[in-house]
Amino acid sequence: MSRPEQVTVLGATGSIGLSTLDVIARHPERYQAFALSGFTRLAELLALCVRHRPRFAVVPDELAARGLQADLRAAGLSTEVLLGEEGLCQVASHPEVDAVMAAIVGAAGLRPTLAAVEKGKKILLANKEALVMTGALFMQAVRKSGSVLLPIDSEHNAIFQCLPGDFARGLGAVGVRRILLTASGGPFRQTPLAELEHVTPEQACAHPNWSMGRKISVDSASMMNKGLELIEACWLFDARPDQVEVVIHPQSVIHSLVDYVDGSVLAQLGNPDMRTPISNALAWPERIDSGVAPLDLFAVARLDFQAPDEQRFPCLRLARAAAEAGGSAPAMLNAANEVAVAAFLERRIRYPEIASIIEDVLSREAVVAVDELDAVFAADAKARALTEQWLSRNGR
Ligand code: NAD
Ligand code: MG
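These remarks concern the structure in this document. Remember, predicted model here, so these are calculated numbers, not experimental data. (Residues numbered from 1 in each chain as written. Chains lettered and ligands numbered in written order. Predicted model: local features only at pLDDT ≥ 70, side-chain atom pairs only at ≥ 80, totals over all residues. Heavy atoms only, no water.)

**Some details on the pairing of strand β10 (residues 254-260)**
Put simply, the rule reads: For each residue, the accessible area found with a 1.4 Å probe, counting protein chains only, is set against the maximum for its type, and the residue is called buried under 20%, exposed over 50%, and partly exposed in between. Helical segments are the DSSP runs of H or I of at least four residues, strand segments are the runs of E of at least two, and each set is numbered from the N terminus. Only when DSSP finds a minimum of two bridges between them are two strands counted as paired.
Within β10, seven of the seven residues are buried, which leaves the element mostly enclosed by the surrounding structure. One ladder, built from five bridges, connects β10 with strand β11 (residues 265-269); its direction is antiparallel. Across the sheet, Ser-256 pairs through a bridge with Gln-268, a residue of β11. Connecting β10 to the antiparallel partner β11 that follows it, the hairpin turn spans four residues, and Gly-263 within it adopts a positive phi of roughly 95°.

**What to know about the sheet that holds β11**
Our working rule: Whenever a helix is involved, its axis is fitted only over the stretch in contact; in every case the axis is a line through C-alpha atoms, and angles between N-to-C directions fall within 0 to 180 degrees. Two residues form a contact once any of their heavy atoms are found within 4.5 Å.
Spatial strand order, β9-β8-β10-β11: four strands in an open sheet with mixed pairing. Each edge of the open sheet is held by one strand with a lone partner, namely β9 (244-248) and β11. Adjacent strand axes in the sheet meet at a mean angle of 20°, parallel and antiparallel pairs treated alike. Seen against the sheet, helix α7 (residues 154-162) touches β8 (176-183), β10 and β11 and runs at an angle of roughly 40° to β10.

**Here we look at the pattern of salt bridges**
Applied cut-off: Salt bridges are defined by distance alone: a side-chain nitrogen of Lys or Arg within 4 Å of a carboxyl oxygen of Asp or Glu.
For the coordinates displayed, the defined rule picks out 32 salt bridges. Here Arg-66 and Glu-62 are joined by a salt bridge, their closest N and O atoms 3.8 Å apart. Here Arg-66 pairs with Glu-62, and both are found in helix α3 (residues 62-74), just four residues apart, close to one helical turn. Look at Arg-66 and you get exposed, because its relative accessible area is 53%. Note that Glu-353 is salt-bridged to Arg-350, the shortest N-O span being 3.7 Å. With a relative accessible area of 10%, Glu-353 lands in the buried category.

Structure follows, in C-alpha cells:
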C-alpha cells in the first residue's frame, strides 16, 4: 500500500480532535497525524505528540512554543513547533498534507480552514462557525480549488450519507423535498421556563447525549447550535432556509433525515459518538472501523419527535432570521453568540441574556453584502464590539 494519508488536526486537544486521533490510531496503515494544534492544554498536546509523532505542532505564542519545543526534545522527538495563526495556516496548506480536520472552535478556525481549502486539501469540516461566517466565499473557494469538503457535524454527515452522490446538481434535481435536521433539545428541553434565569454553566454543559467542548455545549442548550447548523446545511447542500426543518429527537439516535418527493424518508442512525462521522469522512467513499459500539435498537426501544418551541429556544428563531437575511447577518449572529456564550461561561450574564444580547446586537446594524473576506471580518468585529458595549452598558 502507498504511504499513509497525512492528516493535519487543527484543534487536536479538543473533543473532536481527540476523537479524530482515536480513529487515526486505529488505522496506522491508512493515516498518519502530520500536524497537531492546541491552544491551552499544552501538557495534553505534548502527550499527543509523544503518542502520534507528528512533523509539526502548533501553539498560540512564543512562550508556549519555547516550552513545548524543549519538552519535545527532552522526549526525543523531532516534532517542529510553529506558532500562531500563521503556523496554523502553514500546517493546513503544507504540500505534504492530504487531509485537514478543521476542529478549532469558533471564528479562530476560519483562516486556517480557508488556507487548506485554497490548496485543494480534503477538508473534514467540524468548525461550523467558519462556514456560517463566510458561506458563499467558502463554497466558492471549494469549487475553485476542487477541494473535497466532507461534513463532520453529525447531522450534516448524516444528510450527506442520505443524499445521492450527485446532489451538487441541486436538491430539486435529485428529488428532495426537505432536509430534517434533528436536535436533542439539550439539557433544558423540559426545564420550567422561569427556572432558565438561574441555570449555571455546569448545567448548560451537561449534555444528555453528547460529550463536547464547552462552547458547543452551551450552543446545544440554547439551540443556537441547531441554528448555526441550519445555516451550515444551506451552504453545504445548496438548500434554502425554508427547506430545512428542525425536529427535536431526544434520543439522538437518528442524526438527520432527507425527505424525498416520492414520500421516501432516508435517515442515518447510530450511537451518539463523533467517531462515526469522523471515520465516515476520513475514509469516504470507503467504510472503516470507528471503535463505536453497534447500535442496540432493543436498548433504544423508542424514538420520539417533537417540534421545537421558539419561546424556549429564541436562538433558533434568530438564526433562521439571519439565514434568511443572508449577507453579513450570519457572521454577526455568530460573533455576538461567541462573545455572549463566553460571558455566560464566565458567569457575567444569565443564560436567557445570551439570546437577548444577540437580538439587540443584530437590531443595531443593517445587513450588508459580504463579497470579500474583509467584509466578513468587519461584520464579525462590529458584532463583537456591540456585544462588549451591551456588557459594559449593563454593568457586566
Ligand atoms: P473543544 O473546545 O473541545 O476544542 C476546541 C479546540 O480548538 C481545542 O483544541 C482548542 O485548543 C482549540 N482552540 C480554541 N480556541 C482557539 C484559538 N483561538 N485559536 C486556535 N485554537 C483554538 O471544541 P469541540 O467540541 O472539539 O468543537 C470543535 C469544533 O467542532 C467546533 O466548531 C464545534 O462546533 C464543532 N463540532 C463539535 C462537535 C462535538 O461533538 N464536540 C460536534 C459537531 C461539531
Ligand atoms: Mg451537530
